[in-house]
Amino acid sequence: MATSTSAHIVAAARHVTIDDDAVRALAQELMAAGGVTALQQQQSGMGWSNCGWHYSADAAASGPLTCQFVFVLDALNFCFWPTPGLEYEHLASGLARALEADPRALSAAVLSAATPALLASWAPGFALPQMAERVSKVRELGAVLGAHFGGLASNMVQAAGGSAVNLIRLITALLPGFRDEAVYRGSQVFLYKRAQIVVADLWAAYGCRGADQLFGFRDMAELTMFADYRVPQVLAHAGALVYAPALRQRIESLQELPAGGEEEVEIRAATVQAVERVAEAMKALGAPLLSVELDWLLWHRGEASKDTIAPHHRTLSIFY
Ligand SMILES: Nc1nc2c(c(CN[C@H]3C=C[C@H](O)[C@@H]3O)cn2[C@@H]2O[C@H](COP(=O)(O)O)[C@@H](O)[C@H]2O)c(=O)[nH]1
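None of the values given here were measured: they were computed from a predicted structure. (Residues numbered from 1 in each chain as written. Predicted model: local features only at pLDDT ≥ 70, side-chain atom pairs only at ≥ 80, totals over all residues. Heavy atoms only, no water.)

Enquirer: Hey, could you run me through the packing of helix α15 (residues 262-284) against helix α16 (residues 291-305) in this one?
Expert: As a packed pair, α15 and α16 sit with axes 10 Å apart at the nearest point and diverge in direction by 105°. Taken together, the axis directions place α15 and α16 in an arrangement best described as roughly perpendicular. Residue-level contacts link V275, E276, V278, A279 and M282 of α15 to S291, L294 and L298 of α16. Of the residues belonging to the contact of α15 with α16, the class tally is six nonpolar, one polar and one charged. (Axes fitted to C-alpha atoms, helices over the stretch in contact; angles between N-to-C directions. Helix = DSSP H or I, 4+ residues; strand = E, 2+ residues; numbered from the N terminus. Parallel < 35°, antiparallel > 145°, perpendicular 65-115°, else oblique. Contact = heavy atoms within 4.5 Å. Nonpolar A, V, L, I, M, F, W, Y, C, P; charged D, E, K, R; others polar.)

As structure tokens, then:
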């Protein structure tokens, strides 16, 4: 769904285009840089090591805590940029420390009664932007897990029966905070960044299993990349995304783009499409990667270069 609706937008876009020569060049560069092997390294570590988090014991035993952690983390995995220096990994490591201190730290009861003080304790030293919004996202998650799944996100995952698409449908049906949708010139577009990243992070955290195992999925190939603000920054730097001069000027002068506006939706849709095309180009070069795997490669690349390349777009979002 995310792929098809974003394709229509790219065809009609006025502010963003995709440069297919740059797409091919980026694919070649990723191949030359050992993209696939770096990915395999990431896949084993999956960046979890960069959160200083040691729940591999729980994940190896197919425990429920890793799953609970991922759902809470990705319910909050948006819009860090308003707080200088705040990054995803600060929240990830803060949540991990909370769990290590008390395995009940992310129970549905605790989540349902979340307060700004509790969330602040998950990112010590940083003022989380949009705190009221973040508290409501955590309370929403706690209430739904308590009402429908015995308090455990792992029960929600089991209800999806090994299908990533079913899990995304469950998440977006029950948790309004994950309904990352827009109306672009009268047509509905589904981006579902956090709903998809929950599934991909679960898959990675439990060791990229097949559908025959708990926390495994048979249809990860159906997912798109996660339309955030870091990957478009990497694609624009590579010339794969080309912004109209007026838009480029707004982004480079750090002017905010309104959420749901034409420019923001075109950036996100073109990012989804451009990554699909890079994946196609890498497949043609002999490196068949899932869009989610290519996403991680590009995201980690963005983390490494974010302060040296042109700035990312700034939208005060709750979706990414
Ligand atoms: N497309 C995509 N966007 C991702 C992620 C992640 C973290 N996942 C990795 C972490 C451990 C595992 O290795 C996962 O792979 C965060 N974001 C988004 O980036 C944005 C910037 O965040 P920062 O630079 O912190 O401020 C923000 O919108 C945030 O929502 C991803 O993987 N892909």
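Enquirer: Just to check I follow, could you spell out the site of the ligand for this structure?
Expert: Surrounding the ligand, one finds 20 residues, the nearest of these being N77, Y88, K193, D295 and E303. At a separation of 2.6 Å, an oxygen atom of the ligand approaches a polar side-chain atom of N77. Within the complex, the protein chains bury 100% of what would otherwise be the 660 Å² of accessible surface of the ligand. Those elements that provide at least two residues to the shell around the ligand are α12 (193-205) and α16. Take the shell around the ligand: its biggest share by element is five residues, from α16. Class assignment for the residues of the shell around the ligand results in ten nonpolar, three polar and seven charged. (Near = heavy atom within 4 Å. Polar contact = N/O pair within 3.5 Å; in protein donor to acceptor, adjacent residues only side chain to side chain. Areas by Shrake-Rupley, 256 points an atom, 1.4 Å probe, with all protein chains shown as cover.)

Enquirer: What is the right way to read the packing of aromatic side chains from this model?
Expert: What describes a pair of aromatic rings is the distance from one ring centre to the other and the angle between the planes of the rings. Per the counting criterion, the structure on display carries five aromatic pairs. Geometrically, the ring pair formed by Y88 and W299 is edge-to-face, given 5.9 Å between the ring centres and 75° between the ring planes. With a gap of 211 residues between them, Y88 in helix α6 (residues 88-101) and W299 in helix α16 connect regions that are remote in the sequence. The same class applies to Y88 and to W299, which are both buried. (Phe/Tyr/Trp six-rings, centres within 6.5 Å; stacked < 30°, edge-to-face > 60°. Buried < 20%, exposed > 50% of the residue type's maximum accessible area, 1.4 Å probe, protein only.)

Enquirer: Before we go on, may I ask you to explain the confidence of the model for the protein in this structure?
Expert: Regions with low pLDDT carry predicted coordinates that are not meant to be interpreted in detail. For the protein, the average pLDDT comes to 92, and 93% of its residues sit at 70 or higher. Here the complex is predicted with pTM 0.95, and the ipTM for its interfaces comes to 0.96. (pLDDT = per-residue confidence, 0-100.)

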